[in-house]
Amino acid sequence: MYLRSLELQGFKSFPDKIKLHFDKGLTAVVGPNGSGKSNIGDAVRWVLGEQSTKTLRGNKMEDVIFSGTKTRKAMGFAAVTLEISNEAGELGEAYGAVVSVTRKLYRSGDSEYRINGKNVRLKDVTELFMDTGMGRDGYAIIGQGRIAEIVSAKSADRRDIFEEAAGVSKFRYKKQEAQRKLDAAQENLVRLQDIVSELE
Ligand code: ATP
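Values in this document were obtained by computation on a predicted structure and should not be read as measured data. (Residues numbered from 1 in each chain as written. Predicted model: local features only at pLDDT ≥ 70, side-chain atom pairs only at ≥ 80, totals over all residues.)

Thoughts on the nonpolar core
Ranked by internal contacts, the top residues of the largest apolar core, which has 25 residues, are F11, V47, V64, A78 and V80. Broken down by secondary-structure element, the contributors of at least two residues to this core are α1 (37–47), β3 (77–85), β4 (98–106) and α2 (122–129). Top element by residues in this core is β3. It accounts for five residues. Among all residues touching A78, those that are not within four sequence positions of it are G10, F11, V64, I65, F66 and L105. (Core = buried A, V, L, I, M, F, W, Y, C linked by C-beta atoms within 7 Å. Buried ≥ 20, exposed ≤ 12 C-beta atoms within 10 Å, placed from the backbone. Helix = DSSP H or I, 4+ residues; strand = E, 2+ residues; numbered from the N terminus. Contact = placed C-beta atoms within 7 Å.)

Here it is as structure tokens:
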């Protein structure tokens, strides 16, 4: 599994549609200060479902939309598409050899997520990458200051990182989901019993 390409439009300092192609192995992004290197990392985090504006180095989610320059009008939306090679089927064979994930946000606040062009929920994107190490909470992108944060983290938080790496967190998540459904079913049963005893 590796990143094949990243397409940005209206995202932070990239108003025009651009597509970056990555090969297997190491890719270095170089450029002068303020030229948008970190914005590329932000775009990868964002398309994977990042909800923290602080992590995205902004104050509100709208800050990811190109805000204009002296010579160029602001954009009305930001869109990012990430293509991931899935030849070995790590993301599930049903998705095919290349999986694309898209996130789009309009200034109105409307947003959409797509997997292989099909509209999905944020939850679907989160589940797709869970335990692959690539999700928004994964360790595939290590931002500035993150190493120090991991070293000084509370042991419970550090354990979460190891669990994600070991592939345990997906099962913990599924267990919580199942427990929620069981609780809801239990509540429904109690309600039904009340109705039955009222009718008797
Ligand atoms: P450094 O090497 O200093 O860390 P960098 O190459 O990583 O810099 P970035 O932090 O990626 O640079 O980009 C910063 C630039 O992005 C700034 O010029 C900032 O004005 C611009 N920028 C950020 N958000 C937006 C936005 N919403 N609209 C337009 N420009 C933006």
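Quick notes on the confidence of the model for the protein
With 98% of its residues at a pLDDT of 70 or more, the protein shows a mean pLDDT of 91. Interface predicted TM-score (ipTM) for the complex: 0.96; the corresponding pTM is 0.80. (pLDDT = per-residue confidence, 0-100.)

Quick look at α1
Buried residues of α1: D42, A43, W46 and V47, and no others. On an axial view of α1, the arc spanned by its buried residues comes to 125°, and they lie on one face. Packing partners of the buried residues in α1 comprise β1 (2–9), β3 and β4. Positive backbone phi, approximately 105°, marks G49, located one or two places after α1. (Arc of directions from axis to C-beta.)

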